[in-house]
Amino acid sequence: MKRKIIITEVGPRDGFQNEKQILDTEIKAALINQSIDAGFKSIEFGYFTDPDRIPALADTEAVYQLINKPADVELKALVEDMEGLRRAIAAGVKNVKISVSASNTYNLLKFQMTNDETIESIRDRVELARKNNINLSCAVSTSFGCPYEGKMSIATIDGIVKKLIDMGIGEIFISDTAGMGNPREVKEVFSYFISKYPETIFSAHFHNTRGMGMANVYAAVEAGVTRFDSSFGGLGGCPYVEGAKGNVSSEDVIYMMEEMGYGTGVNLDKAIEVARYLEKV
Ligand code: ZN
């Protein structure tokens, strides 16, 4: 029996938010529908945030309207705040992801709040999501380092993780937003959280800023992680981290997992076709 790995295609969010050229809504929808056809069971299709701040994702509602919605595919949107969550609910979205930064400086830059204030603000979103039967997960961004504050201690991450779990959040992403983590740290951090909180799903989100992406994926899978974010063609970045590079590429992650004997359910040839189409557009 192959161990199952779920790969979330985050290119439509993490990728497009960093591209200078804004793609047509129809092209975005086509890329997402092709990804669904390729076998992805989880896709982060957009971001409910201030459209003036991230104009490339202002059409998140319209994208959701146009994409196929097979029952077995988790279609997920990032939401910035209560306003974003209300928009997601109005659009009929069933899966949302929110985030807080391990680094306080980064959190202030991104949300204009301390990370403690952001955690407090998450409470209302958790409640509203629950009332509307929406599946909510949370990312702890910059967990493996922040360009302003440097490395984050496990104790710092754990302080946030514990509060999120206490609020009833069942899936937490330990995210390497700036691409500063190395495989040894990744193995240590994920092993720590997986053994400390066995009821919680810990998912991985890596960026390739310093070429550590795939090595970090390997370290995480060795630590027992079964859910990974990746991006078609390795698109991605971060508007608040100078020089941040893309996510690990979906094609590479699928290839590595399948070659190592894990089951992703994604057809590699079709995933490569999606990346080729992306390149073209
Ligand atoms: Zn990212």
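The structure this text deals with has already been given above.
Keep in mind it's a predicted model, so treat the numbers as computed, not measured. Starting from 1, residues in each chain are numbered consecutively following that chain's sequence as written. Confidence filtering applies because this is a predicted model: local features only for residues at pLDDT of at least 70, side-chain atom pairs given and counted only at 80 or more, and all residues used for totals across whole chains, interfaces and linings. Side-chain descriptors were evaluated using all non-hydrogen atoms of the structure, hydrogens and water having been removed beforehand.

A. Representation of the overall build of the protein chain. Working definition: helices are DSSP H or I runs of at least four residues, strands are E runs of at least two. Numbering for both runs from the N terminus. Of the regular secondary structure elements, the protein chain holds 11 helices and 8 strands. The size measure is the radius of gyration over C-alpha atoms, and the globule rule it meets is 2.2 Å times the number of residues to the 0.38 power. Expected size for 281 residues packed as a compact globule is a radius of gyration near 19 Å; at 17 Å, the protein chain falls within 12% of this value. Projected onto the principal axes, the alpha-carbon positions of the protein chain cover approximately 45 × 40 × 35 Å. Residues classed as buried in the protein chain amount to 56% of the 281 residues present. Contact criterion: two residues are considered in contact whenever any of their non-hydrogen atoms come within 4.5 Å of each other. In the protein chain, the share of contacts with a sequence separation of at least 24, taken over all contacts with a separation of at least 6, comes to 74%. Element-wise, carbon and sulfur atoms account for 50% of the exposed surface of the protein chain, whose accessible area totals about 11,800 Å². Positive residues here are Lys and Arg, negative ones are Asp and Glu, while His and the chain termini are left out of the count. We put the charge of a Lys on NZ, of an Arg on CZ, of an Asp on CG and of a Glu on CD. When the 31 positive and 39 negative side-chain charges of the protein chain are each reduced to one mean point, those points stand 3 Å apart. Relative accessibility thresholds used throughout: buried, under 20% of the residue-type maximum; exposed, over 50%; partly exposed, between the two (1.4 Å probe, protein chains only). The protein chains shown are the only cover counted for residues, whose accessible areas, like all others here, come from Shrake-Rupley with a 1.4 Å probe.

B. Up close: the nonpolar core. Among the nonpolar cores identified, the biggest contains 73 residues, and Phe45, Ile174, Phe190, Phe206 and Phe228 are the most heavily contacted of them. Contacts of Phe45, omitting those with residues within four sequence positions, involve Pro12, Ile32, Thr60, Val63, Tyr64, Ile67, Leu75, Lys76, Ala77 and Val93. Counting residues in each nonpolar core, the second largest holds 11 residues, with Leu31, Leu78, Leu235 and Leu278 among its members. For the purposes of this section, nonpolar cores are sets of buried Ala, Val, Leu, Ile, Met, Phe, Trp, Tyr and Cys residues that join through side-chain atoms within 4.5 Å.

C. The packing of aromatic side chains, seen in detail. Ring pairs are drawn from Phe, Tyr and Trp, using the six-membered ring of Trp, whenever the two centres fall within 6.5 Å, and their geometry is named by plane angle: stacked under 30 degrees, edge-to-face over 60, tilted for the rest. Across all of its chains, the model carries 9 aromatic pairs by this definition. Plain terms: the ring middles of Phe45 and Tyr64 are 4.8 Å apart, the flat faces sit at 25 degrees to each other, and that makes the pair stacked. One end of the pair, Phe45, is in strand β2 (residues 42-48); the other, Tyr64, is in helix α3 (residues 60-66), and 19 residues separate them in sequence. Considered together, Phe45 and Tyr64 belong to a single accessibility category, that of buried residues. Chaining the aromatic ring pairs together yields one cluster made of Tyr192, Phe193, Tyr197 and Phe202. In this analysis the charged atom, NZ for Lys or CZ for Arg, is taken to sit over a ring once it is within 6 Å of the ring centre and within 35 degrees of the ring normal. Over the face of the ring belonging to Tyr64 we find Lys69, whose NZ or CZ atom lies 4.7 Å from the ring centre. In this arrangement the basic side chain of Lys97 is found over the ring face of Phe173, its NZ or CZ atom lying 3.9 Å from the centre.

D. Highlighting the side chain of Glu80. Looking at where Glu80 falls in the secondary structure, it is placed in the loop between β3 (74-79) and α4 (82-91). Nitrogen and oxygen atoms within 3.5 Å of one another constitute a polar contact, given that in protein one can donate a hydrogen and the other can accept it, and given that sequence-neighbouring residues count only through two side-chain atoms. There is a polar contact of 3.1 Å between the side chain of Glu80 and the side chain of Arg53. Contact partners of Glu80, with chain neighbours within four places excluded, come to Tyr47, Phe48, Thr49, Arg53, Lys110, Phe111 and Arg125.

E. Broad picture of the coordination of the zinc ion. Coordination of the zinc ion by the protein involves Asp14 (OD), His205 (NE2) and His207 (NE2), with metal-donor separations of 2.1 Å. Each metal's donors are the N, O and S atoms within 2.8 Å of it, or within 3.2 Å when it is Na, K or Ca, and because water is not part of the set, sites may look incomplete. Counting the intervening residues between successive donors of the zinc ion yields the motif D-x190-H-x1-H. Taken together, the residues Asp14 in helix α1 (residues 11-15) and His207 in the loop between β7 (201-206) and α9 (213-223) connect sequence positions 193 residues apart. Judged by its relative accessible area of 2%, Asp14 falls in the buried class. You can call His207 buried: its relative accessible area is 2%.

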